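The residues making up each chain are set out below.
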Amino acid sequence: MPATPRVNALQKLWLREIGIEKTWLPAGPVAAAAAPSPEARGAAEPESAPRPAAAPAPVPRPAVAAAAAPGPAAAPPAAAPTRPAARPAAVAKPPAPAPADAPVPATVPVPAHDLEAMREQVVQCTACGLCNGRRHAVFGMGARPARWMVVGEAPGEQEDRQGLPFVGRSGQLLDAMLASVGMSREKDVFIANVIKCRPPGNRNPKPEEIAACSPYLMRQIELLKPERILVLGRFAAQTLLGTDATIGSLRGRRHTLAAPDGREIPVVVSYHPAYLLRSPGEKARAWQDLRLAAALG
Ligand code: URA
C-alpha cells in the first residue's frame, strides 16, 4: 500500500467536503469507465476511445510547443494497477503534427501584449461560429501572477451566463479540490479553458473551433508563465498535449509543455470535476494528481 500522505486538520476537512475519507488509494484495478453523459462535457472520462472532436486535433503551436512527457503511447489495460505517485516519469511523446487537411481558422489572433489586451480580443472574437450563440466569451480568471494554471474544456451554461470559468457545480468542486492542496483561484491559480465560448447544447468542440481558439490559450500560458499546469479532462489534455491517449494513461504522471522562451512547464492531467461529480469513486485519484502537481519542482 502506498505511504499515507501527511494531511493536516484543514486538509482533512476539505477532503471530507469533497467526499474523500481515505487519503490513500487501495491497490487495485482502475474503476470501470462510466457511461458518457450527453449533458456534461468532460463528465465522461472513459479509459477507452478518445472523443472524436478532440483527437487528433492538436493545438496550433505558434506560441508554445507541447513536448508531452515520456510514456507508453498506448493506454494501459483498464485492469492494470495504478500507483500514480510511484510511477516513473513518462517518455516524451511529441505532439502529432497538424494534418495537412486540418481546418484553418478564419482569423488567427495577433498575439496580444498583455492579458488585458487579450481579454478584449477574446470578447470581440468572431473567429469561429461559437460567437453566434454565446452570451459571454469566457476569458479566464484568477491570480496574477499565477503559480498554477488550471485548464478546462469550454464554458458551460453557468459560465456562459456569468462570463467566468468554472462557476457551476464543477467549479465548486474544483475550488474545494484546490483548497485541499492549499491553493485558490484568488491567490494562486489562474483558470482558463481551451475553448472560450460555449458550444451550443454543450456539444463537443469541433476541430475548427479548437484551431481558432487554442492560440488564445497558448498566449495566456506564455503571458502568465505558470510554474505548472493542471489540465482537467480528456479533451483539454488531448488538445494541450497533442495526443489521443486516454485520460487513464495521461493522468498520474508529469508531462512537459515547452514554452517559446525555453521554459519547460510541468503539466499534470487529471479528471474533469464534472466527471468526478458523476464518479465520486475517482476523487481519490484526482487528489493524488493534485498532490503530484503540488509536489512537482
Ligand atoms: N467545464 C469546463 O471545462 N470549463 C468551465 O469553465 C466550466 C465547466
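Our structure's up above, just so we're on the same page.
Residues numbered from 1 in each chain as written. Predicted model: local features only at pLDDT ≥ 70, side-chain atom pairs only at ≥ 80, totals over all residues. Heavy atoms only, no water.

**A short note on the side chain of T239**
- The topology assignment puts T239 in helix α6 (residues 234-241).
- Here the side chain of T239 touches F235 through a polar contact of 2.7 Å, landing on its backbone oxygen. (Helix = DSSP H or I, 4+ residues; strand = E, 2+ residues; numbered from the N terminus. Polar contact = N/O pair within 3.5 Å; in protein donor to acceptor, adjacent residues only side chain to side chain.)

**Structural notes on the site of the ligand**
- For the ligand, the full set of nearby residues is G152, E153, A154, E159, P165, F166, N193 and H272.
- Between the ligand and the protein, one listed contact pairs an oxygen atom with a backbone N or O atom of E153 at 2.7 Å.
- At 2.8 Å, a side-chain N or O of N193 approaches a nitrogen atom of the ligand.
- The fraction of the free accessible surface of the ligand (230 Å²) that becomes covered by protein chains is 93%.
- Here the residues of the shell around the ligand sort into three nonpolar, three polar and two charged. (Near = heavy atom within 4 Å. Areas by Shrake-Rupley, 256 points an atom, 1.4 Å probe, with all protein chains shown as cover. Nonpolar A, V, L, I, M, F, W, Y, C, P; charged D, E, K, R; others polar.)

**Quick word on the packing of aromatic side chains**
- Inspection of every chain in the model, using the stated rule, returns two aromatic pairs.
- With a centroid separation of 6.3 Å and an interplanar angle of 80°, the aromatic rings of F139 and F190 are classed as edge-to-face. Within this pair, whereas F139 is found in the loop between α2 (115-124) and β2 (141-142), its partner F190 is found in strand β4 (residues 189-193), the two being separated by 51 residues in sequence. By the burial criterion, F139 is buried, and F190 matches it.
- Geometrically, the ring pair formed by Y271 and Y275 is tilted, given 5.1 Å between the ring centres and 40° between the ring planes. Just as Y271 is buried, Y275 falls in that class too.
- Residue placement shows R291 over the ring face of W287; its charged tip is 5.2 Å from the ring centre. (Phe/Tyr/Trp six-rings, centres within 6.5 Å; stacked < 30°, edge-to-face > 60°. Buried < 20%, exposed > 50% of the residue type's maximum accessible area, 1.4 Å probe, protein only. Lys NZ or Arg CZ within 6 Å of the ring centre and 35° of its normal.)

**As for helix α4 (residues 169-180)**
- If you check α4, its first and last C-alpha atoms are 17 Å apart, about what 12 residues at 1.5 Å a residue would give, namely 16 Å.
- Of all 12 residues making up α4, nine are buried, and the element is well covered by its neighbours.
- Among the residues making up α4, those that are buried are S170, G171, L173, L174, A176, M177, L178, A179 and S180.
- Taken from the residues just after α4, G182 is the one with a positive phi, measuring 75°. (Expected span 1.5 Å × (residues − 1).)

**What about helix α9 (residues 283-295)?**
- The end-to-end C-alpha distance of α9 is 18 Å, a good match for the 18 Å that 13 residues give at a rise of 1.5 Å each.
- The buried fraction of α9 is high, at 10 of 13 residues.

**A closer look at the pairing of strand β3 (residues 148-152)**
- Most of β3 sits inside the fold, with five of its five residues counted as buried.
- In β3, alternate side chains face the same way, and those of W148, V150 and G152 on one face and M149 and V151 on the other are all buried.
- Pairing analysis gives five bridges linking β3 to β4, with the strands arranged parallel. If you follow G152 over to β4, its bridge partner there is N193. (Pairing = 2+ DSSP bridges.)

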